[in-house]
Amino acid sequence: MSFKGALGHFKTITKHRHAVIRHCAKAGIFWQGLFHDLSKYSLTEFIPGAKYYVGTRSPNELEREEKGFSIAWIHHKGRNRHHFEYWTDYNPKTKQNEPVKMPLRFVMEMVCDRIAASKIYQGKNYTDKHPLEYFMRGKPTRVIHKETSDLVEKLLILLAEHGEEVTFTCMKELLKEKKY
């Protein structure tokens, strides 16, 4: 791990986290945003993040390419409820682990996270279509509860077609109405 990698990784995750906090505030979940991704500063996540840092893609992808898995990601998804991968449980009827529907406030944080990550990785090339495009690329193989997936897709389509202001207003309304 180099100093340059550690500094670059620290700047990237902090910039991302602050963007998520701003988005969460606009979506009506400011306090939740304040706690977003704090585990990325733990040694278990930070050291691999700094080691595999390149600035244009997730260090977890590079760690996964080298080792076949990412210990940072395994740690992260198990501690951060805004990731759909957190929301699996053993179904006693099917005797398999299956996705479960995410609570609405974590779905909203996940959308804020996806928008912020797209902005960080796309930089000046970012458009409001990028988060939807990223989400749709993974759809065929994603293991996520159908209702959760449908809501995320609906919100990202809204973002792509109408922008952030309309999307964050809709998210606030959904949280108020709890119609999910």
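What counts as what
Residues numbered from 1 in each chain as written. Predicted model: local features only at pLDDT ≥ 70, side-chain atom pairs only at ≥ 80, totals over all residues. Heavy atoms only, no water. Pairing = 2+ DSSP bridges. Helix = DSSP H or I, 4+ residues; strand = E, 2+ residues; numbered from the N terminus. Patch = residues over 30% accessible without salt bridge, like charges linked within 9 Å, V, L, I, M, F, W, Y side chains within 5 Å. Areas by Shrake-Rupley, 256 points an atom, 1.4 Å probe, with all protein chains shown as cover. Salt bridge = Lys/Arg side-chain N within 4 Å of Asp/Glu carboxyl O. Buried < 20%, exposed > 50% of the residue type's maximum accessible area, 1.4 Å probe, protein only. Phe/Tyr/Trp six-rings, centres within 6.5 Å; stacked < 30°, edge-to-face > 60°. Lys NZ or Arg CZ within 6 Å of the ring centre and 35° of its normal. pLDDT = per-residue confidence, 0-100. Core = buried A, V, L, I, M, F, W, Y, C linked by side-chain atoms within 4.5 Å. Contact = heavy atoms within 4.5 Å. 1 Å grid on protein atoms, 1.4 Å probe; cavity = no way out; pocket = protein on both sides within 12 Å on 5 of 7 lines; lining within 4 Å. Points joined across faces, edges and corners; volume = space filled by probe spheres on them. Polar contact = N/O pair within 3.5 Å; in protein donor to acceptor, adjacent residues only side chain to side chain.

### A word on the pairing of strand 1 (residues 88-91)
- By the bridge criterion, four bridges tie strand 1 to strand 2 (residues 96-99) in an arrangement that is antiparallel. Each residue of the ladder has a partner; that of tyrosine 90, found in strand 2, is asparagine 97.
- A loop of four residues connects strand 1 with strand 2, the two strands running antiparallel in sequence, and lysine 95 in this loop sits at a positive phi of about 60°.

### Observations concerning a nonpolar patch on the surface
- Together, Met1, Leu43 and Ile47 line one region of the surface with nonpolar side chains, adding up to about 340 Å² of accessible area.
- Along the polypeptide, methionine 1 turns up in the segment before helix 1 (3-27).

### Some thoughts on unusual backbone geometry
- In this structure, aspartate 37 is a non-glycine residue whose phi angle is positive, near 55°.
- Note that aspartate 37 resides in the loop between helix 2 (30-34) and helix 3 (43-51).
- For aspartate 37, a relative accessible area of 2% gives the class buried.
- Its identity is not glycine, yet lysine 95 carries a phi of approximately 60°, on the positive side.

### Examining the packing of aromatic side chains
- Tallying each qualifying case throughout the model produces four aromatic pairs.
- Taken together, Tyr86, Trp87 and Phe106 form an aromatic cluster joined through their ring pairs.
- Looking at arginine 142, its charged tip hangs above the ring of phenylalanine 135, at a distance of 3.9 Å from the centre.

### Notes on the confidence of the model for the protein
- Of the residues in the protein, 99% reach a pLDDT of 70 or more, and the chain-wide mean stands at 95.
- By mean pLDDT, the top-scoring element of the protein is helix 8 (residues 146-162) (98), and the lowest-scoring one is strand 1 (94).

### Brief notes about the nonpolar core
- If you look at the biggest cluster of nonpolar residues, it comprises 31 residues, and the most contacted ones within it are Met108 and Met171.
- Those elements giving two or more residues to this core turn out to be helix 1, helix 6 (104-122), helix 7 (130-138), helix 8 and helix 9 (164-177).
- Ranked by residue count, the leading element in this core is helix 6, at nine residues.
- Methionine 108 has contacts with Ile29, Leu151, Leu155, Met171, Leu174 and Leu175, leaving out every residue within four places of it along the chain.

### A look at the side chain of histidine 76
- Within the secondary structure layout, histidine 76 lies in helix 5 (residues 71-77).
- Once residues lying within four places of it in the same chain are set aside, the contact partners of histidine 76 are Asp37, Ser39, Lys40, Glu45, His82 and His83.

### Quick notes on helix 7
- Restricting attention to buried positions, one finds in helix 7 the residues His130, Pro131, Leu132 and Phe135.
- Taken together, the buried residues of helix 7 touch helix 6 and helix 8.

### Focus on the layout of surface pockets
- Of the pockets and cavities examined, the largest pocket occupies roughly 1200 Å³.
- Looking at the largest pocket, it is lined by 43 residues, and the ones nearest its centre are Ser58, Glu61, Arg114, Ala117 and Tyr134.
- If you list the elements that add at least two residues to the lining of the largest pocket, you get helix 1, helix 3, helix 4 (59-67), helix 5, helix 6, helix 7 and helix 8.
- With nine residues, the single largest contributor to the lining of the largest pocket is helix 6.

### Side note on the side chain of glutamate 63
- The topology assignment puts glutamate 63 in helix 4.
- Only 2.7 Å separates the side chain of glutamate 63 from the side chain of serine 70, close enough to count as a polar contact.
- Setting aside residues no more than four positions away along its own chain, glutamate 63 makes contact with Pro48, Tyr52, Gly68, Phe69, Ser70, Ile71 and Ala72.

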